[in-house]
Amino acid sequence: MSIQTEPYTMQLVLRPFSLTDVDDLVKHANNFNISKYLTNKFPFPYGQKDGEGFIQFALSHQPLQVKAIVVDNEVVGSIGIHQLADIYSKSAEIGYWISESYWGKGIVPQAVKEMLKYGFETFDIDRIFARTTHTNLASQQVLKKAGFIFEAELKSTIFKHGEYFDERIFGFRKHQLA
């Protein structure tokens with residue numbers, strides 16, 4: 001006789017960072033495989049001071065721009081929406097990362113969808129966009145699953161670790177929200 005059990009589902013929460021999150025943040029952020037796809041502002045190795053500085057930055061904006069990605073009460077990543085200025089003021093850029101141990105589990109598309117709603121409700125914007133390298137296929141899939149549309153490819157605009165990468169831009173318009 002076999003017993004049927006429900007599959008385990010992770011509990012995802014997006015919330016403001018807390019200073020007490022620094023250990024979780026450092027534990028998951030200190031990974032070359034994450035930093036290689038992010039801007040140089042995201043260091044590797046990622047230490048205690050980096051985590052403390054990031055949390056201070058995340059808490060310094062009102063309204064909140066950056067949230068912690070929390071799975072089962074542990075901070076495992078970060079997601080943010082940053083409104084542009086001047087003639088680009090109706091657009092905002094979204095950025096995110098998640099611990100490598102959570103890659104491929106469907107968490108980030110869900111977090112992106114939640115952040116899209118937050119972004120359009122919170123900021124006076126009509127478009128949210130994301131940039132990725134042509135080699136970051138996983139992030140491109142995340143964006144497509146969240147409803148983003150491929151907008152442009154800029155050749156050799158990203159230079160990281162001595163290499164040039166093409167930049168792919170994906171956009172999501174406010175009217176796309178269901």
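Residues numbered from 1 in each chain as written. Predicted model: local features only at pLDDT ≥ 70, side-chain atom pairs only at ≥ 80, totals over all residues. Heavy atoms only, no water.

Draft legend 1. Representation of the nonpolar core. Within the largest apolar cluster, 31 residues are counted, with the highest numbers of intra-cluster contacts made by I69, I79, I94, V112, I128 and F148. At the level of elements, strand 1 (12-15), strand 2 (66-71), strand 3 (74-83), strand 4 (91-98), helix 4 (107-122), strand 5 (127-133), helix 5 (137-145) and strand 7 (163-173) are the ones that each hand at least two residues to this core. Core analysis: the second largest hydrophobic core is formed by 15 residues, Y46, A58, A68 and V75 among them. (Core = buried A, V, L, I, M, F, W, Y, C linked by side-chain atoms within 4.5 Å. Buried < 20%, exposed > 50% of the residue type's maximum accessible area, 1.4 Å probe, protein only. Helix = DSSP H or I, 4+ residues; strand = E, 2+ residues; numbered from the N terminus.)

Draft legend 2. Spatial organisation of helix 5. Those residues of helix 5 that fall on the buried side of the exposure criterion are S139, Q140, V142 and L143. On an axial view of helix 5, the arc spanned by its buried residues comes to 155°, and they lie on one face. Structural note: helix 5 exposes L137, A138 and K145 on the side pointing more than 90 degrees away from its buried face. In the core, the buried residues of helix 5 are packed alongside strand 4, helix 4, strand 5 and strand 7. Positive phi appears at G147, one or two residues downstream of helix 5, with a value of about 100°. (Arc of directions from axis to C-beta. Contact = heavy atoms within 4.5 Å.)

Draft legend 3. Just the confidence of the model for the protein chain, in detail. Looking at the protein chain, pLDDT values average 94 and 95% of them are 70 or higher. Counting contacts from residues 1-5, a segment whose pLDDT is below 50, to residues more than four positions away or on other chains yields zero contacts. (pLDDT = per-residue confidence, 0-100.)

Draft legend 4. Molecular detail of the environment of G95. Mapped onto the fold, G95 is located in strand 4. Separated by 37 residues in sequence, G95 and T132 place their C-alpha atoms 9.4 Å apart. If we skip the residues at most four places from it in the chain, G95 touches S78, I79 and G80.

Draft legend 5. Representation of the packing of helix 1 (residues 22-29) against helix 3 (residues 48-59) within the structure. Interaxial distance between helix 1 and helix 3 falls to 9 Å at its minimum, and their mutual angle equals 120°. Note that helix 1 runs across helix 3; the crossing there is right-handed. Here V22, D23, L25 and V26 of helix 1 come into contact with helix 3, specifically with Q48, G51, E52, F54 and I55. Tallied by class, the residues present in the contact of helix 1 with helix 3 amount to five nonpolar, two polar and two charged. (Axes fitted to C-alpha atoms, helices over the stretch in contact; angles between N-to-C directions. Left-handed = near helix turned anticlockwise from the far one by under 90°. Nonpolar A, V, L, I, M, F, W, Y, C, P; charged D, E, K, R; others polar.)

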